[in-house]
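Observations on the three-dimensional arrangement
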Amino acid sequence: MEKVVAIVGRPNVGKSTLFNRIIGRRVAIVHPIAGVTRDRNYGEAEWTGRKFFLIDTGGFVPDSDFEFNRHIREQIIIALGEADKVIFVLDGKGGIHPVDREIANILRKNLKGKEIIVVANKVDNTSRELDAVDFFSLGLGEPYCVSALSGKNVADVLDHVVKDFPMAGEEEKVDDRIKFAIVGRPNAGKSSIVNALLKEERNIVTNIPGTTRDSIDSVVKYHGEDIVLIDTAGLRKKSKIKKDESLEFFSTVRTFKAIQRCDVALLVLDATLLYENFDNVSDMKHAIFKLDKQDIRIIEDIMKFKKGVLLVINKWDLIEKGTNTAKIIEQKITEHLRSFNFLKFIFISALTKQRIHRVMDDAIVVYNERKKQIKTSELNDKILDEIKRKPHQSMRGREVKFNYITQLRAAPPVFAFFVNDPKLVSENYKKFLDKKMREHFGYSGVPMELVFKKKN
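The sections below set out a description of the structure shown in this document. (Residues numbered from 1 in each chain as written. Predicted model: local features only at pLDDT ≥ 70, side-chain atom pairs only at ≥ 80, totals over all residues. Heavy atoms only, no water.)

**Some words on the pattern of salt bridges**
- Summed over all chains, the structure comprises 21 salt bridges.
- One salt bridge connects Glu 115 with Lys 163, and the closest N-O pair in it is separated by 3.9 Å. With Glu 115 in strand E5 (residues 115-121) and Lys 163 in the loop between helix H5 (154-162) and strand E7 (178-183), this pair connects stretches of sequence that are 48 residues apart.
- Take Glu 115: its relative accessible area is 23%, and that puts it in the partly exposed class.
- The class of Lys 163 is exposed, set by a relative accessible area of 52%.
- Among the ionic contacts, a cluster of salt bridges with common partners joins Lys 85, Glu 115, Lys 163 and Asp 164. (Salt bridge = Lys/Arg side-chain N within 4 Å of Asp/Glu carboxyl O. Helix = DSSP H or I, 4+ residues; strand = E, 2+ residues; numbered from the N terminus. Buried < 20%, exposed > 50% of the residue type's maximum accessible area, 1.4 Å probe, protein only.)

**Examining the packing of aromatic side chains**
- Applying the stated criterion to the full structure yields 9 aromatic pairs.
- Arranged with centres 5.9 Å apart and planes meeting at 80°, the rings of Phe 415 and Tyr 443 form a pair that is edge-to-face. Of this pair, Phe 415 sits in strand E14 (residues 414-419) while Tyr 443 is found in the loop between helix H13 (427-441) and strand E15 (449-454), placing the two residues 28 residues apart along the sequence. An identical accessibility class is assigned to Phe 415 and Tyr 443; each is buried.
- Ring pairs connect the aromatic residues Phe 402, Phe 417, Tyr 429, Phe 432 and Phe 452, which therefore count as one cluster. (Phe/Tyr/Trp six-rings, centres within 6.5 Å; stacked < 30°, edge-to-face > 60°.)

**Here we look at unusual backbone geometry**
- In the segment running from Ala 411 into Pro 412, the intervening peptide bond is cis, with an omega of 5°.
- Located in the positive-phi region is Thr 48, a residue other than glycine, with phi close to 50°.
- One can find Thr 48 in the loop between strand E2 (41-47) and strand E3 (50-56).
- In the Ramachandran plot, Arg 396 falls in the positive-phi region, its phi being about 55° despite a non-glycine side chain.
- By the element assignment, Arg 396 lies in the loop between helix H12 (376-389) and strand E13 (402-409).
- We classify Arg 396 as exposed; its relative accessible area is 71%.

**A short note on the environment of Leu 158**
- Along the chain, the position of Leu 158 falls in helix H5.
- For Leu 158 and Thr 48, which are 110 residues apart along the polypeptide, the C-alpha to C-alpha distance reads 9.0 Å.
- Each residue touching Leu 158, except ones within four places of it in the same chain, is listed here: Ile 22, Trp 47 and Phe 52. (Contact = heavy atoms within 4.5 Å.)

**As for the nonpolar core**
- With 62 residues, the main nonpolar core has Phe 88, Leu 291, Ile 329, Ile 333 and Leu 343 as its most contacted residues.
- Per-element tally for this core: the top contributor is helix H9 (residues 293-304), with 5 residues.
- Apart from the residues lying within four places of it in its own chain, the contact partners of Ile 329 are Leu 274, Tyr 275, Phe 278, Met 284, Trp 316 and Phe 347.
- Counting residues in each nonpolar core, the second largest holds 51 residues, with Ile 178, Ile 356, Leu 424 and Tyr 429 among its members. (Core = buried A, V, L, I, M, F, W, Y, C linked by side-chain atoms within 4.5 Å.)

**A few points about the sheet that holds E14**
- Taken in spatial order, the 3 strands make up an open sheet running E13-E14-E15, and their pairing is mixed. Two strands lie at the open edges of the sheet, namely E13 and E15, each paired on one side alone. Here the strands of the sheet are splayed against their neighbours by 25° on average, with no regard to which way each runs.
- As defined by bridge partners, E13 adjoins E14 across 6 bridges and the pair is classed as antiparallel. Paired with Arg 409 across the strands is Val 414, a residue of E14.
- On top of the sheet, H13 reaches E13, E14 and E15; it is set at about 120° to E15, its chief contact. (Pairing = 2+ DSSP bridges. Axes fitted to C-alpha atoms, helices over the stretch in contact; angles between N-to-C directions.)

**What about the pairing of E3?**
- Of all 7 residues in E3, 5 are buried, a share of seventy percent or more.
- For strand E1 (residues 3-8) and E3, the ladder comprises 5 bridges, and the chain directions are parallel. The residue of E3 that forms the bridge with Ala 6 is Ile 55.

**A closer look at the packing of H12 against H13**
- It is at 10 Å that the axes of H12 and H13 come closest, and there the two elements cross at 130°. Regarding the angle of H12 to H13, the classification is oblique. Handedness of the H12/H13 crossing: right-handed. Residue-level inspection shows Glu 378, Leu 379, Lys 382, Ile 383, Glu 386 and Ile 387 of H12 in contact with H13, the latter providing Tyr 429, Phe 432, Leu 433, Lys 436, Met 437, His 440 and Phe 441.
- For the contact of H12 with H13, the per-class residue count stands at 8 nonpolar, 1 polar and 4 charged. (Parallel < 35°, antiparallel > 145°, perpendicular 65-115°, else oblique. Left-handed = near helix turned anticlockwise from the far one by under 90°. Nonpolar A, V, L, I, M, F, W, Y, C, P; charged D, E, K, R; others polar.)

**Section: the environment of Ile 348**
- Mapping Ile 348 onto the fold places it in the loop between strand E12 (344-347) and helix H11 (357-371).
- Exposure remark for Ile 348: the relative accessible area of 0% places this residue in the buried category.
- For the pair formed by Ile 348 and Trp 316, sequence separation is 32 residues and the distance between their alpha carbons is 5.6 Å.
- Setting aside chain neighbours within four positions, we find Ile 348 in contact with Ile 193, Val 312, Ile 313, Asn 314, Lys 315, Trp 316, Gln 354, Arg 355, Ile 356 and Val 359.

**Section: the pairing of E7**
- The element E7 is extensively covered by neighbouring structure, given that 6 of its 6 residues are classed as buried.
- Along E7, one buried face is formed by Ile 178, Phe 180 and Ile 182 and the opposite face, lined by Lys 179, Ala 181 and Val 183, is buried too.
- Bridging between E7 and strand E9 (residues 225-231) involves 5 bridges; their strand directions are parallel. Opposite Ala 181, over in E9, you have Ile 230 as the bridge partner.
- Bridge count between E7 and strand E10 (residues 264-270): 4 bridges; the pairing is parallel. Among the inter-strand pairings, Ala 181 is bridged to a residue of E10, identified as Ala 265.

And the structure:
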């Protein structure tokens, strides 16, 4: 699991600029008016082969000094609890502010063994470097003098940040058990599903969205094997995350970390909300259907991490349905998500336990699909035959020739196609190959990567 680094500090010291500099792209809104960052930003960063989650806690400008201090304190304490290291950003141009001392006190009192890296930003000349020695008085060590805007000395900060982080792929795997992450929007029934699978009230279940704030690991026995269930906090749309709900933001970060460390993500969808997305429930087959944007975003994040995915349609007992209702919903969701036409579905009720026993069965199917290996001879016999039946059209007057196919890895599955010129392979033909791969070899609920290499 990747390390987490949080950027803290008062408003308008350049936290978002530093965040963007480290991430390598403009993600956070950068503006000279204090308090522009209303929602916290986060992203995956990499430095010298070491990956970590970077969190910009943002800055707020409430109406009173009391409110200001309360919000700053809340964010920093939560950041200290969630992060492995904290970057404390100060304004090297403006000098020490009383709020900086307040933040320093909070950091000292709540360290919990975490390392604090002090950064004096906006230091772009020698005189400001000399002035930065004043920050020693905060008692948190020597400050790094940087300019996030120009990138000056940011590399030195990053060297310090990642000095004891593992190289990508080198982190010791201390827990090799199968892991399923239960994800989805608030109030979809995630905790109820976990409780039903565990056959005990392991988590608090209420009808209040967002009850589960933390990612909670539980273990269930499946045919004698331990399987870890990760019950995550509900994801909300950004517009619904209020500026003072720092806890909600960090819960979202935890959810993404849970997706990252799982093998299969079980995305729980509320069947009653799915029905609301039909413009004509009486004639569902011909009705227009759109999946909620937040659910789509969760699926996209699962795909980004190349995890297996099982769509768990919960609260099925509350739906008035006909013979083909489930099939129609599957069809509508698949049509809406044309890029992800390999999803696996199950319709359940955590309340009545309808099909609850099949959740583990289907998740294990996806898990096994994700880690299976296909023999090279079988790949070439079946897929090269498909290519002969429907060859790639000539591109720029050149014939596209496929010579050899092999599986590079499993979990997630990656297949290499050796061709005379990889640049000539069209996107449509890549989709055709993906379709034929799935027709012959399955991979239901599993994102598959096809790479195209030049033959030797």
